[in-house]
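Commentary on secondary and tertiary structure
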Amino acid sequence: GWCPLSPTGAQTTQLLVQPPWRPAVLWDRVTLTCQGSGTAGATTWYKDGRQWWKEVQDKFVVTESGTYTCERPGTGLSSPVIVLNDPLVLQVPARALLEGDRVTLRCRD
């Protein structure tokens, strides 16, 4: 499912990652979705700290590695999501993990 990177219910802009694994990797066909209140179609996307595009769409499939954030009016800037292009990664579920939790790890190459 979708994985918010901010606490549920907080009035913040959230950048959701699908599939919900961390780190996100380019070859996983990562989709980023920007969620927040404010005017529909007023999403501003940033890549590597620079404004990348301002678009009607609040969702897209990542085609380049980098650090992504998005901004929505009223709720501000999201937490960053890093998308890697590494040939081998060890991934964990992209959710809050607590000591004692059972965790499925994914090693991909």
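Whatever comes next refers back to the structure up there.
Residues numbered from 1 in each chain as written. Predicted model: local features only at pLDDT ≥ 70, side-chain atom pairs only at ≥ 80, totals over all residues. Heavy atoms only, no water.

Let's shift gears to a nonpolar patch on the surface. A contiguous nonpolar surface patch, about 340 Å² in accessible area, is contributed by Leu90, Leu97, Val103 and Leu105. Among the structural elements, Leu90 can be located in strand E11 (residues 89–93). Take Leu90: its relative accessible area is 54%, and that puts it in the exposed class. (Patch = residues over 30% accessible without salt bridge, like charges linked within 9 Å, V, L, I, M, F, W, Y side chains within 5 Å. Areas by Shrake-Rupley, 256 points an atom, 1.4 Å probe, with all protein chains shown as cover. Salt bridge = Lys/Arg side-chain N within 4 Å of Asp/Glu carboxyl O. Helix = DSSP H or I, 4+ residues; strand = E, 2+ residues; numbered from the N terminus. Buried < 20%, exposed > 50% of the residue type's maximum accessible area, 1.4 Å probe, protein only.)

Before going further, it helps to examine the state of the cysteines. Evaluated as defined, the whole model comprises one disulfide. There is a disulfide in this structure between Cys34 and Cys70, and the S-S distance comes to 2.0 Å. Between Cys34 and Cys70, the S-S torsion sits near 90°, and that sign places the bridge as right-handed. Residue Cys34 is found in strand E4 (residues 31–35), and its partner Cys70 is found in strand E8 (residues 66–72); the two are separated by 36 residues along the sequence. (Disulfide = S-S within 2.5 Å.)

Next up on the list: the side chain of Asp28. Considering the arrangement of structural elements, one finds Asp28 in the loop between strand E3 (24–25) and E4. If we ignore the near neighbours within four places in the chain, the residues touching Asp28 are Pro19, Gln91, Arg106 and Arg108. (Contact = heavy atoms within 4.5 Å.)

Mapped onto the fold, Leu16 is located in strand E1 (residues 14–18). Sequence separation between Leu16 and Ser79 is 63 residues; the distance between their C-alpha atoms is 9.9 Å.

Bringing the nonpolar core into the picture now. In terms of nonpolar packing, the biggest core is built from 15 residues, with Leu15, Leu32, Trp45, Phe60, Val62, Tyr68 and Val83 touching the most fellow members. Counting only elements with at least two residues in this core, the list comes to E1, E4, E8 and strand E10 (81–84). In this structure, Val83 is in contact with Ala24, Val25, Leu26, Val62, Ser65, Gly66 and Tyr68, ignoring residues within four places of it in sequence. (Core = buried A, V, L, I, M, F, W, Y, C linked by side-chain atoms within 4.5 Å.)

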